[in-house]
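Below, each chain spelled out in residue letters.
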Amino acid sequence: MDAGSLVTLLAAAALAGWVDAVVGGGGLLLLPALLVAAPGVPVATALGTNKLAAIFGTSTAAVTYARRTKVDWAVAGPAAGLAVVTAGAGAALAGVVPAGAYRPVVLVVLVAVAVFVLTRPRLGVVAWPGRRTRWRVVAAVAVAGVGIAWYDGLIGPGTGTFLVLAFTALVGADFVQASAMAKVVNAGTNLGALVVFGVAGHVWWWLGAAMAVCNVVGSVVGARMALRRGAGFVRVVLLVVVLALVARLGYDQWSAVR
């Protein structure tokens, strides 16, 4: 890898940290950057190296949020615990399940998410504590700690976005609170996946460590900006990230069937 590619990759890691801290979806930037900077790298190795960078960024963002806003630990804690195991199981299947098997499903879900957010302008702008019933808490823990965590271990891009929307829709958190909870769970998914990728030898440790430093810087800036500007700002970034994910996956799907 030449110096120009390395600098570009480190810049992508910082930007990915910012996006992840605000609303999730940093993998949309960092994974393609890794694949371009290191042509021929196995997908599992790209995923594993990305997880090494991401776990430092998400953990830093989680601490930043926890110091300045309320985190619903009754939801985020159990979900994060489940996520470590479930994401590890997903990571064990990375490279075994072809992208074409899940890409259309994720694409449809993302389009539905975009429509859902666009047609509900008040969603996540203010908290709705009345939605936080016992069964909704159980559902949120299951969706985040099992379903979304498994997806993150398997491939990952958009995980933080899915977590934010799950916590907003299921337990009535506003976007800032949901982002805080998402970072806690995302740290768990990154840990579970990283352990599996690391044991399998699918992590470039030195490169991942350098990316982690930049990712942390971006995460701190992103988390502080989200806290300062509030839920309305997070909503705008959320929509941009979802539409970017739709465009990226749509292009990949079109290229696969062309």
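Asks: An account of a nonpolar patch on the surface is requested, with residue identities and associated values reported.
Replies: A cluster of nonpolar residues, Leu 93, Val 96 and Trp 150, forms a patch on the protein surface that exposes about 270 Å² of accessible area. Assignment of secondary structure puts Trp 150 in helix α6 (residues 134–154). Under the relative-accessibility criterion, Trp 150 is labelled partly exposed at 36%.

Asks: Describe the packing of aromatic side chains, naming the residues involved and giving the relevant values.
Replies: In this description, a pair of aromatic rings is defined by centroid distance and the angle of the planes. Counted by the stated rule, this structure contains one aromatic pair. Taking the centre distance of 5.8 Å and the plane angle of 75 degrees together, the rings of Tyr 151 and Phe 162 count as edge-to-face. Of this pair, Tyr 151 sits in helix α6 while Phe 162 sits in helix α7 (residues 159–171); the two residues are 11 residues apart in sequence, bridging distant segments of the chain. Both residues of the pair, Tyr 151 and Phe 162, belong to the buried class. A cation over an aromatic ring shows up here: Arg 134 above the ring of Trp 135, its NZ or CZ 5.6 Å from the ring centre.

Asks: So what about a positive patch on the surface? Which residues, and what values?
Replies: Side chains of Arg 67, Arg 68, Arg 224, Arg 228 and Arg 229 sit close together on the surface and give a patch of like positive charge. Within the residue set of the positive patch, elements represented by two or more residues are α3 (43–68) and α9 (205–229). A total of three residues in the positive patch trace back to one element, the largest contributor, which is α9.

Asks: I'd love a proper account of the pattern of salt bridges, names of residues and values included.
Replies: One pass over the structure, following the stated rule, counts two salt bridges. For Lys 51, the salt bridge is made with Asp 152, and the minimal N-O distance between the two is 2.7 Å. Residue Lys 51 is found in helix α3, and its partner Asp 152 is found in helix α6; the two are separated by 101 residues along the sequence. For the pair Lys 51 and Asp 152, one class covers both residues: buried.

Asks: Tell me about α9, and please be specific about residues and values.
Replies: Side chains of residues three or four places apart in an α-helix project in the same direction, reflecting 3.6 residues per turn. For α9, with 25 residues, the first-to-last C-alpha span of 35 Å sits near the 36 Å given by 1.5 Å per residue. Gly 230 occupies a position one or two residues after α9 and carries a positive phi of about 90 degrees.

Asks: Any chance you could break down the environment of Ala 178 for me, citing the residues and the numbers?
Replies: By the secondary structure assignment, Ala 178 is in helix α8 (residues 175–199). Look at Ala 178 and you get buried, because its relative accessible area is 0%. Each C-alpha atom, one on Ala 178 and one on Gly 145, is 14 Å from the other, the two residues being 33 residues apart in sequence. Among residues more than four places away in sequence, those in contact with Ala 178 are Val 164, Phe 167, Thr 168 and Ala 173.

What counts, and where the lines are drawn
- Residues numbered from 1 in each chain as written.
- Predicted model: local features only at pLDDT ≥ 70, side-chain atom pairs only at ≥ 80, totals over all residues.
- Heavy atoms only, no water.
- Patch = residues over 30% accessible without salt bridge, like charges linked within 9 Å, V, L, I, M, F, W, Y side chains within 5 Å.
- Areas by Shrake-Rupley, 256 points an atom, 1.4 Å probe, with all protein chains shown as cover.
- Salt bridge = Lys/Arg side-chain N within 4 Å of Asp/Glu carboxyl O.
- Helix = DSSP H or I, 4+ residues; strand = E, 2+ residues; numbered from the N terminus.
- Buried < 20%, exposed > 50% of the residue type's maximum accessible area, 1.4 Å probe, protein only.
- Phe/Tyr/Trp six-rings, centres within 6.5 Å; stacked < 30°, edge-to-face > 60°.
- Lys NZ or Arg CZ within 6 Å of the ring centre and 35° of its normal.
- Lys, Arg positive; Asp, Glu negative; His and termini not counted.
- Charge placed at Lys NZ, Arg CZ, Asp CG, Glu CD.
- Expected span 1.5 Å × (residues − 1).
- Contact = heavy atoms within 4.5 Å.

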